[in-house]
Amino acid sequence: MSRARQPPLVTGISPNEGTPWTKVTIRGENLGTGPADLIGLSICGHNCLLTAEWMSASKIVCRVGPAKDDKGEIIVTTKSGGDGTSTVSFKLLKAEKIGILDQSAVWVDEMNYYDMRTDRNKGISPLSLRPSNPLGIDVDKGKVSQKDLEGMFPAVSGDFTRENFSATWYLIENHSGTSFDQLRVAASNLKKQATKKNEGSLPYVKSGLSTFFEAQDALAAIHQRLESDGTERVEGSMTKRLENTLNRASDTADTLFQEVLGRKDKADSTRNALNVLQRFKFLFNLPLNIERNIQKGDYDVVINDYEKAKSLFGNTEVPVFKKVYAEVETRIGALRSLLLDKLLETPSTLHDQKRYIRYLSDLHASGDPAWQCIWAQHKWILQLMQNCKDEFINEKRVGAGSTGADPEGEARPLALSRLSHTASLKRGGSMHTPRPSAMRYETPQQVQFVDKLSDVVIGQLPNFWKLWISYVNGSLFSETGEKSGQVERSKKNARQKQSDFKKMIEEVTHRLVKLVRGALLPATLSELDLKLYGGWGNKTELSGPWLTQVIHTVRISHEALSALEIPNDLLQVIQDILLDLRVHCLLVTLHQAGEDVRRLAEKENWVVDNEGITSLPAQFEQCMVQMLQSLREPMETRPGEINVLQLEQAQDQTTELCVSIMKVFISCVEELSTKTDADMDTAHMAVDLASPDLFGGVQEDFHPSQEQRLLIILSNCQYLEKHTFLNLAEHFEKHGFTGTDKITRVSVNGVRELDSRLFEAYIERKADPIVGSLEPGIYAGYFDWRDCLPPTGVRNYLKEALVNIITVHAEVFTVSKELVPRALSHLVEAVAEEMSRLMQCVSSFSKNGALQARLELCALRDAVGSYLTSESNASFKQAVEALPQLQSGADKKLLEELLNKFKSSMHLQLTCFHPSCVQPVKR
């Protein structure tokens, strides 16, 4: 039984790298006992058994196949040893493509030859057989776009077949990610290629040397075989047949390559012709290059090429050159038309306008492109402004049947807002933000219109003005200020157009002002202008806050235009409408304040504080202060503006409106005093807990009576006269209002007259019942002054009268302590006057009657002594003088005792009449 052989082991391969079909020699151990024992051979995963030739157990020769793997092992399989292993590897190189006319020492697979139809770079001439990858390394495309490369490398190309080839461009485009070592390899490849060209056929011979040797060996073997056979000259011999075969092969090869060789001759002749025309390729390629550069927007390149062509071939007499140059002129004419269309296109930026003007000037366009652009921009701005108005008017008509406010309180977006995207000057957001008091309402259309119109003007007019300035100073053609023919022509043309441009600016500003007047101040326009710029119909009058926002917007527009250094005389119309808007805002705000004040009476809740006043005076003052604060911005005098409050007409109207507001408020107060109890079903009066509850019937949910309302209003009137009107006078002066003295005087006089009327009405209501009860009380029980018993004390009628006076005291004190002396004094005057009349009407008194009368008069006078006035003192004096004088000391003593008894018995009731006992109200 034979011993098993060891598996094959490959220890070397020569060469260790190469292209497919390279002949290699494999060395190792146990590579088989003979050709029949070799059953498998793979290199880099490809089966090479068909080309394998077994030499010995340590040597095998074969050819490498087109394996997929770049590098792999050499595996030998034998019947006797099985699958083998390898300690070396083979690197498969990428085969270079061989052109159909290139020399080759071996037969080339038809699938791998160089196809110049499909494998040439764009831009390489079909007659050029240069390699697609001259560096001989893998192409690693970068992320830099072709457009960016063109921007970084103007006037050069990344195509290595062109005259303006840039190696930097080529490396960035094709090898941006290649390592430095790989680039060194590429440099070596380039050197090898250059050396190979210099050596001519030597590299070809070296690379195919082994093939030549193999062919020589084969031919020598055939020759030796033929000699041994001795059949060299025998007809029909193998040599003769071989010669015939080779001749047929030669004829067939000539037939196959005859067309190729013919094309090669034709290509050579064409190449010679192209070489002759190579120096003029710029002109022949120019029409196509112009077209391509126009599509890419490289107008600078086109202009430079055109200038070069014009200088070289503008006056040529060569027919073919004249024909091509005429085509160039046709393309340039089309470019002029294109650039002029782009220049007049709207909207556009100032940068683009300058660029197109320069292009047209460099292309020697007819006319004055800069002035054409200015004229077109002017017409476009005017049309934008008119479109803005028309769009709002049309929307107003369409939306006439819809509700006024959206759920969000936002204005509906307008199509015109798209126009504002071209604005180069942005305004602050405050201009577009309604005031807090109006946030929940939809922005009125007039306000939206003024905002949009202002956006149009300050978005377009600055570029328009800057374009004119560039036209005037020549910077359209020379940013550095260098003098040239273009610059001088520009300045000359601008000097001739100054008056025309001034009219353009005036037309824009006048159009702006008339459109705003048509929307907000239609009464200030003529009938003709109203037809052109009006059309808003009977739109609701704007309130003060919305007018303030409009003023703010117009001011922003004026400031933006002033910042451009536009002459003030061109902007004066904007100042004029600003003044009219400010005056209008002032008058509208004052009218609105009058309406607000008129509604204050509805807010009266009759709740008094510890000073006896309600919230009505404070509400009135707050309403007026808010009105004045809302006028702060429109009344502010900015630089170049007129103080509205210094205008004589505005002063008179303002003063009259302020006086009217004061009168309206006094009328509201008077209206409150005439309300009946039926009008008070929802009102109630609450008394401050800190005040002494001397009017015990008043509860928290008590509805004020007519007398209590009169007292509350009287207390409010006093507060208005002493505080509110004086505070408002200070506020008016602080805000620059004139006529403050007249306003205060009318207000104070009005409230005094009202106070006097209401006080008389209240005293009349309270005094009449008390005064009317005196006479019946005196003569109750058929009392007779001439026949009565000796007095034993003050009678009940007088006590009842004092209790009624105390009741009035409590009622007044509950509302306002300040009103007590005034009310009680007038009430005591009425009672004293009535007592004097009654005493003077008595014909005669008995001794007891006189003593009784004197007792009652003294008791009444002493009880209300704190509230006696000169009138009431005089009345008491007349009443006492009507009585007989006391005759005896006993009567005087009795009178004094009875008075003391009266004061002692009614001490508690009479305490309220003592000023020293009245405690101040706690605050």
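What you see is a predicted model, and the numbers here were worked out from it, not measured in a lab. (Residues numbered from 1 in each chain as written. Predicted model: local features only at pLDDT ≥ 70, side-chain atom pairs only at ≥ 80, totals over all residues. Heavy atoms only, no water.)

A short note on the overall build of the protein
The cut-off we apply is this: In DSSP terms, a helix is any run of H or I states spanning at least four residues, a strand is any run of E spanning at least two, and both are numbered starting from the N terminus. For every residue, the accessible area (1.4 Å probe, protein chains only) is compared with the maximum for its type, and the residue is labelled buried under 20%, exposed over 50%, or partly exposed between those bounds. Two residues qualify as a contact provided that any one of their heavy atoms is within 4.5 Å of a heavy atom in the partner residue. Surface exposure here means Shrake-Rupley accessible area, sampled with a 1.4 Å probe, where a residue is shielded only by the protein chains that are shown.
Check the secondary structure of the protein and you find 28 helices and 11 strands. For the protein, with 923 residues in total, the buried portion stands at 41%. By sequence separation, contacts in the protein at least 24 residues apart represent 73% of the contacts at least 6 residues apart. For the protein, the exposed surface amounts to about 51,400 Å²; the carbon and sulfur share of it is 52%.

Focus on the packing of aromatic side chains
Applied cut-off: Pairing of aromatic rings covers Phe, Tyr and the six-membered ring of Trp, with a centre-to-centre limit of 6.5 Å; geometry is then stacked below 30 degrees between planes, edge-to-face above 60, and tilted otherwise.
Taken as a whole and judged by the stated rule, the model has two aromatic pairs. Taking the centre distance of 4.8 Å and the plane angle of 90° together, the rings of Phe783 and Trp785 count as edge-to-face. The same class applies to Phe783 and to Trp785, which are both buried.

Some points on the side chain of Arg854
In plain terms, the rule: What qualifies as a polar contact is a pair of N or O atoms within 3.5 Å, subject to a donor-acceptor requirement within protein and to the restriction that residues adjacent in sequence count only when both atoms come from side chains.
Among the structural elements, Arg854 can be located in helix H25 (residues 847-863). Judged by its relative accessible area of 9%, Arg854 is buried. Reaching out from Arg854, the side chain makes a polar contact with the backbone oxygen of Pro884 at a distance of 2.8 Å.

A look at the confidence of the model for the protein
Under the convention used in this document: Confidence scores per residue from the predictor, reported as pLDDT, run from 0 to 100.
Of the residues in the protein, 81% have a pLDDT of 70 or more, and the chain-wide mean is 74. The model gives residues 111-129 a pLDDT under 50, and that stretch makes 28 contacts with residues more than four places away or in other chains. In this model, residues 917-923 is a region of pLDDT below 50 whose contacts with residues beyond four sequence positions or in other chains number 14 contacts.

Examining the pairing of strand E6 (residues 53-56)
What counts, and what does not: Here a strand pair is declared whenever DSSP counts at least two bridges between the two strands.
As paired strands, E6 and strand E7 (residues 59-63) are joined by three bridges and run antiparallel to one another. Bridging across to E7, Glu53 finds its partner in Val61. Remark: two residues form the turn of the hairpin made by E6 and E7, two consecutive strands paired antiparallel.

Details of the nonpolar core
Counted only if it meets this: Among buried residues, those of type Ala, Val, Leu, Ile, Met, Phe, Trp, Tyr and Cys that are joined through side-chain atoms within 4.5 Å constitute a nonpolar core.
Among the nonpolar cores identified, the biggest contains 188 residues, and Phe620, Met839 and Phe913 are the most heavily contacted of them. Element by element, the count of residues in this core is highest for helix H17 (residues 568-598), at 16 residues. Of all hydrophobic cores here, the second largest spans 18 residues; its members include Cys44, Val64, Ile74 and Phe90.

Considerations on a nonpolar patch on the surface
Put simply, the test is: Patch criteria: residues need more than 30% relative accessible area and no salt bridge. Like-charged residues are merged within 9 Å; nonpolar side chains of Val, Leu, Ile, Met, Phe, Trp and Tyr are merged within 5 Å. Salt bridges are identified by distance alone: a Lys or Arg side-chain nitrogen within 4 Å of an Asp or Glu carboxyl oxygen.
Together, Leu219, Ile222, Leu242 and Leu246 give the surface a local cluster of nonpolar side chains, amounting to about 370 Å² of exposed area. Within the secondary structure, Leu242 is located in helix H6 (residues 238-277). By relative accessible area, which is 37% here, Leu242 ends up partly exposed.

Some details on the sheet that holds strand E1 (residues 9-14)
Read across the sheet, five strands follow the order E6-E7-E3-E1-E10 without closing on themselves; strand pairing throughout is mixed. Unpaired on one side and paired on the other, E6 and strand E10 (85-86) mark the two borders of the sheet.

Re the packing of H25 against helix H26 (residues 870-881)
Basically, it comes down to this: An axis is simply a line fitted to the C-alpha atoms; with a helix, the fit covers only the stretch in contact. Between two such axes, the angle follows the N-to-C directions and lies from 0 to 180 degrees. An angle below 35 degrees is read as roughly parallel, one above 145 as roughly antiparallel, one from 65 to 115 as roughly perpendicular, and any other as oblique. Crossings are sorted by hand: turned counterclockwise from the far helix by less than a right angle, the near helix makes the crossing left-handed, and turned clockwise it makes it right-handed.
In contact at an axis separation of 10 Å, H25 and H26 are set at 165° when each is read in the N-to-C sense. With respect to their mutual orientation, H25 and H26 come out roughly antiparallel. At the point where H25 passes H26, the crossing takes the left-handed sense. Only Phe876, Ala879 and Val880 of H26 make contact with H25, whose side of the interface consists of Arg854, Leu857, Leu860 and Arg861.

With respect to the pairing of strand E8 (residues 71-78)
Note: strand E4 (residues 38-43) against E8, five bridges, orientation antiparallel. For Ser42, the partnering residue across the bridge sits in E8 and is Ile75. In terms of strand pairing, E8 meets strand E11 (residues 89-92) through three bridges, oriented antiparallel. By the bridge assignment for E11, Glu73 is matched with Ser89. Across two bridges, the pairing between E8 and strand E9 (residues 82-83) is antiparallel. Across the sheet, residue Thr77 finds its bridge partner in E9, namely Asp83. Counting the residues in the hairpin turn of E8 and E9 gives three residues.

Comments concerning helix H9 (residues 319-344)
Put simply, the rule reads: Helix span, as expected, comes to 1.5 Å for every residue beyond the first.
Taking 1.5 Å per residue, 26 residues should reach 38 Å; H9 reaches 38 Å between its end C-alpha atoms and fits that length. All of the buried residues in H9 are Phe321, Val324, Tyr325, Val328, Ile332, Leu335, Leu339 and Leu343.

Concerning the pattern of salt bridges
Tallied over the full model, the rule gives six salt bridges. One salt bridge connects Arg837 with Glu775, and the closest N-O pair in it is separated by 3.5 Å. Here Arg837 is found in helix H24 (residues 819-841), whereas its partner Glu775 is found in helix H22 (residues 740-778), with 62 residues between them in sequence. The salt bridge involving Glu856 is made with Arg795; its shortest N-O contact spans 2.7 Å. You can see Glu856 sitting in helix H25 and its partner Arg795 sitting in the loop between H22 and helix H23 (796-815), a full 61 residues away along the chain. As far as burial versus exposure is concerned, Glu856 and Arg795 are alike and both buried.

Some thoughts on the side chain of Ser454
Note on placement: Ser454 falls in helix H12 (residues 445-473). Within the local environment of Ser454, its side chain forms a polar contact with the side chain of Ser557, the two groups lying 2.3 Å apart.

Brief notes about unusual backbone geometry
The amide bond that connects Ser14 to the next residue, Pro15, takes the cis arrangement and shows omega of -5°. Of note, Pro15 is situated in the loop between E1 and strand E2 (17-18). With a phi close to 55°, Asn30 is a non-glycine residue in the positive phi region. Summarising the element assignment, Asn30 is placed in the loop between strand E3 (23-29) and E4.

Observations concerning the environment of Leu31
Counting through the fold element by element, Leu31 comes out in the loop between E3 and E4. Each C-alpha atom of the pair Leu31 and Trp54 lies 8.5 Å from the other, and the pair is 23 residues apart in sequence.

As for helix H7 (residues 281-296)
If you check H7, its first and last C-alpha atoms are 21 Å apart, about what 16 residues at 1.5 Å a residue would give, namely 22 Å. By the burial criterion, the buried members of H7 are Leu283, Leu286, Pro287, Ile290, Asn293 and Ile294. Elements that come into contact with the buried residues of H7 comprise helix H8 (299-313) and H9. Downstream of H7 by a residue or two, Gly297 has a phi angle that is positive, lying close to 85°.

Digging into the packing of H17 against helix H20 (residues 648-673)
What counts is decided by this rule: In the scheme used here, Gly and all other residues not listed as nonpolar or charged are polar, with Ala, Val, Leu, Ile, Met, Phe, Trp, Tyr, Cys and Pro taken as nonpolar and Asp, Glu, Lys and Arg as charged.
The contact between H17 and H20 brings their axes to 9 Å, and the two run at 5°. Considered as vectors, H17 and H20 are oriented roughly parallel to each other. Residues Leu586, Leu587, Leu590, His591, Ala593, Gly594, Val597 and Arg598 of H17 pack against Gln653, Thr654, Leu657, Cys658, Ile661, Val664, Phe665 and Cys668 of H20. Looking at the contact of H17 with H20 residue by residue, the class counts come to 11 nonpolar, four polar and one charged.

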